[in-house]
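Notes for the structure review
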Amino acid sequence: MDYFVTEIDRAGTVAVDDTLLVKGFETKAGSHILDGFVPLFSADAVDRLLKAGYAVKGKTHTGEFGLDIAGETSYHGVCKKADGSLSTAAAEAVASGTVKVALCVDVNGAPRRGAALSGVDFIKPTYGTVSRYGIIPTACSGEQVGVCAGNAEDVKELLSVIAGHDGKDGTSLPAEKYGYSSDKDISGMKIAVVKELYDAAKDEVKSVLDNYLNKIESSGAKIETVSVPDVKAYATAWQIMLSAETCNNISRYDGVKFGYRTPTYKDIDELYVNSRTEGMGFTAKMNVLYGSDVLSKNQYLSCYDKSLRLRRVASEKMKEIFASFDAVIAPAMSSASVEEYDLAQTFERTKKELLFTTVPNLIGIPAMVTGGVQLWGAAFAESTLLSIAGAVERMAD
Amino acid sequence: MKYEVVIGLETHVELSTKSKIFCSCGGHSEADQPNDCVCPACCGMPGMLPVTNRHAVELAVQAGIMLNCKINQYATFDKKSYYYPDLPCAYQITQWFHPICTEGYVDVPTKHGTSRIGIKQIHMEEDAGKLVHDDWADVTYVDFNRTSVPLIEIVSKPDFRSAEEVLNYLDKLKSMFRFGSISECEEGAMRCDVNISIRPEGTEELGVRSEIKNMSSLTAIERAIKYEVARHIDALERHTEVLVQETRRWDDMKNRTFAMRNKETAADYRYFPDPNLMPIVVDDQWLAEIRKNMHATIGQKTAEYTGMGLSEQDIASLVSERTLCDIFDAVVASGRKPADTAAWILTDCAGILRRNGKVIGELDIAPEALSYIIGMVDEGKINRGVGKKVLSAVIEKGVSPEQYIKEQALDAKVDESAILDIVKNVIAENNKAVGDYLGGKTKALQSLFGCCMKQLKGKGDPAVIRELLEKEVEKLR
Amino acid sequence: MTVEILKALESLNEFRLTDSEEQKAMEVFGFMENEAEELRSIDTENVDVMVHCMPMTNVFREDVREQPFTREQLLEGAPEHSEDSWIVPRLVK
């Protein structure tokens, strides 16, 4: 299986998504419009890896600008599982042992879905702990670089390398380093199951989650069910922001400065329109159109401004839950596998999947996928998530 | 019918920072060639993130203080989207929801007294790049040197009633900002959008407004206003056209305005808060610091210099240029007398510059050097003439005054016997002048004095020379 | 959403959809309108906007000039460029 859109170093043990810049190597974020774009510098996360002595094996295929369910919207090639169903190239590269770890940008939950589909671990840390310098931006207000690996120990090791303050990112938090652990005692922890998300998943997913809950309980953790009645509205709020920010961020790809330019144009309007029409897929265009609409004068207050207020509502609601619980557990997606489908459906299908993944992107809290389930923690509670994952993984040994 | 003109201005001023507002590239004034001051962010490449230049914020706040504005404690940056090849990201970072300053005013002098022009707001934003159109090759070249250079946009209220007020307002802003080191206000660094409408005198309701975009020359602004007013009056009285609210551009060659095509003006800019930039909170402590670090205004300097006893004319000359005040202040602070220092700068330095085809504003001298020369003269170690000679060398050749005086042995003490020898010599050689003097033409003594100075090569204390000369000549009576 | 507004949005964003894509886009807009209706039903009367999920204030860089990249490096990947500039079709005729 071809995981890589660009190979870099055969001896490397780390893969990075094609949304992270690696100096001197073509970076396209799954989009035709970035063909030929060779960055002049590397992402801060990549620099930290290299400084710590890791080598990058290659750049994994990603869905165009990360607006996919699991990599299927890439212009340059799609990775599938052995049975033909979909998963992300990064998760598959880790699952197959081709690399030990992979860095992925989580903007709509796709790397989390990939980890669930391929049976590996992925953490999206607290917003602002890993620098966003050097990632191809889609939705700056909620995207974050995360780590995919075969187990919680390896996730922790890489996350410790890439997290830390970066003055080149104005949203980077001040802490110079974060001390992560994966072996905190989880007995006595209180973990909440989100009723609305549990109910929305298919039975195959519910049984995976039930199974996981049994293991946590046997480690002495306590499980309770909580309700987040507005969780679907949170997903809509994030869809609105995600589309609006995408519209704004990818408007720079116009065939003038770098990347793809149409061969047929006679004036600047045709140069723009033909380059962008030919250079972007339908899902990217759909996000641009919707994002452009929600930012328009007539829609701004009722859509965009409303979503910014919903973000605070969601943030307060989750604070309330984390005041009494150490972590939240939920399905990572609605089903246990994704078959190929007509890509014209991507926007609506991903919107439906956002139900499960939105909250951590919307309000910046950490999320981890492990054993086919998803854990959320309060801001900076990565060690809690890593320790739950680690405890269950050690149980299996 | 008599009409009243109603004008509002949006004035863009480039701030004097070393680097751009959101990246570390130098300002475009540093650039020799197109795209000299450019980084991946300036040409729209993905991956770099904007981080605000603190000094740009401080300058914007200083401008707000100068224009009597309320400095907002909470300001944000927002994105404005539109396509044009000079805008590399297809968005401009500006302040739409929460500008840094609001509600101020400027008093503008006019022939009929002072007009107070209200300021609605001052907001910060990044500049766009520059396009150069090539007729021969039928292409447009894109230069991003100016991209992301920090600007403030000063939005006035529609308080102008004449072109004169507009021009005097712009002149006043220019001199205030130059003096306060807010902006160099060089050619093109101050650009205006002019909003014009007319209404029958005595009425309140505003007429149909046209906006003339991107004007930078004062004479063009004046002509454009005249043209627009005439066009509006024609439309109202002779029905030459139906006025619509629109954006127009001034064509300096054709001496008229043209409506801009719809696509450039009808855009929905889709403003939204920039998630990459955190809010700016100018709290009382920071505001106090900014005030403390502010250059004095022209008014404050004028009062200060009046207190020092300088003449009105000298004060006007000094405050015409920030750099002159800086040099003057430093020299006075080193202990030199104010009036004397002003004379050295405005007479001696100015004369030397004039001889070199320059103006006083171009004076570039270390205050320590000027203070040293004045000190040497004051202490009688060199005479004033030698002082001027040293000053010329310092200004023209950039030498150190101390070293120059030493090298040329200008401060060598000339003892009285040596002076006496020369004086006797001069008297012996200039019988006619001596005769004239003794015959009652007292002026003849001056020419004898000149000869002495010449032979002494400018050295020696002039008072001593004059005294000895007079004594020796009188002996011949 | 109407086809006219949709076409205006396409033009505003400098691309074109095919007829079948437009049809699909209309469906998506209809779908999102329902979703947004649900969003709007939530009371946010006394809730302020939250632009940043991890809020900070006054994040600045100092006014220091650096020029780590050369013009040649930046122009290298341009679809069309001269010695010192990017090139587009002549704008003003």
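This write-up is about the structure you can find in this document. Just so you know, these numbers come straight off a predicted model, no measurement behind them.

Let us look at the interface of chain B and chain A. Between chain B and chain A, the residue contacts involve 31 residues of the former and 40 residues of the latter. Here chain B and chain A share an interface that buries about 2,800 Å² over both sides, 61% of which is from carbon and sulfur atoms. Where chain B touches chain A, the interface holds 0 salt bridges. Counting every contact that joins chain B to chain A gives 13 residue pairs in polar contact (both at pLDDT 80 or more). Taken together, the elements giving at least two residues each to the side of chain B that touches chain A come down to β4 (78-81) and β15 (272-273) of chain B. Residues belonging to the side of chain B that touches chain A are distributed by class as follows: 22 nonpolar, 4 polar and 5 charged.

The next thing to look at is the side chain of T6 of chain A. Mapped onto the elements, T6 of chain A comes out in strand β1 (residues 4-7). Setting aside chain neighbours within four positions, we find T6 of chain A in contact with F25, E26, G58 and K59 of chain A.

Quick look at the interface of chain C and chain A now. Tallying the contact residues gives 46 residues for chain C and 67 residues for chain A. Our count for the contact surface shared by chain C and chain A stands at 5 salt bridges. In this structure, K232 of chain A engages E35 of chain C in a salt bridge whose closest nitrogen and oxygen atoms are separated by 3.2 Å. The tally of links between chain C and chain A comes to 20 residue pairs in polar contact (both at pLDDT 80 or more). Elements with a minimum of two residues in the side of chain C that touches chain A: α1 (3-12), α2 (19-40), α3 (71-75) and β2 (86-89) of chain C. The biggest single contributor to the side of chain C that touches chain A is α2 of chain C, with 12 residues. Of the residues that constitute the side of chain C that touches chain A, the class distribution is 31 nonpolar, 5 polar and 10 charged.

All told, the structure shown has 59 salt bridges over all chains when counted by the stated rule. Across the pair D44 of chain A and K168 of chain A runs a salt bridge whose closest N-O atoms are separated by 3.8 Å. Of this pair, D44 of chain A sits in helix α1 (residues 44-51) while K168 of chain A sits in the loop between α4 (152-162) and β7 (190-194), and the two are 124 residues apart along the sequence. The salt bridge partner of K317 of chain A is E320 of chain A, with a shortest N-O separation of 3.7 Å. Highlighted residues: K317 of chain A and E320 of chain A, both in helix α10 (residues 300-324), separated by 3 residues, approximately one helical turn. By sharing partners, the salt bridges in this structure join E228, R231, E241, E246 and R248 of chain B into a single network.

Rules behind the numbers
- Note on numbering: residues in each chain are counted from 1, in written sequence order.
- Throughout, the order in which chains and ligands are written sets their labels, letters from A for the former and numbers from 1 for the latter.
- Only residues with pLDDT of at least 70 get local features here, since the model is predicted, and only at 80 or more are side-chain atom pairs given and counted; chain-wide, interface and lining totals rely on the full set of residues.
- Values reported for side chains reflect all heavy atoms of the structure, with hydrogen atoms and water molecules removed beforehand.
- Only heavy atoms matter for contacts: two residues are in contact if any of them lie within 4.5 Å across the pair.
- Accessible-area loss on putting two parts together, using a 1.4 Å probe and summing over both, is the definition of buried area adopted here.
- Salt bridges are defined by distance alone: a side-chain nitrogen of Lys or Arg within 4 Å of a carboxyl oxygen of Asp or Glu.
- Whenever two N or O atoms come within 3.5 Å, that pair is a polar contact, provided that in protein one can donate a hydrogen and the other can accept it, and provided that, for residues adjacent in sequence, both atoms are side-chain atoms.
- Per the convention used, a helix needs a DSSP run of H or I reaching at least four residues, while a strand needs a run of E reaching at least two, with both numbered from the N terminus.
- Polar here means any residue outside two lists: the nonpolar Ala, Val, Leu, Ile, Met, Phe, Trp, Tyr, Cys and Pro, and the charged Asp, Glu, Lys and Arg; Gly therefore counts as polar.

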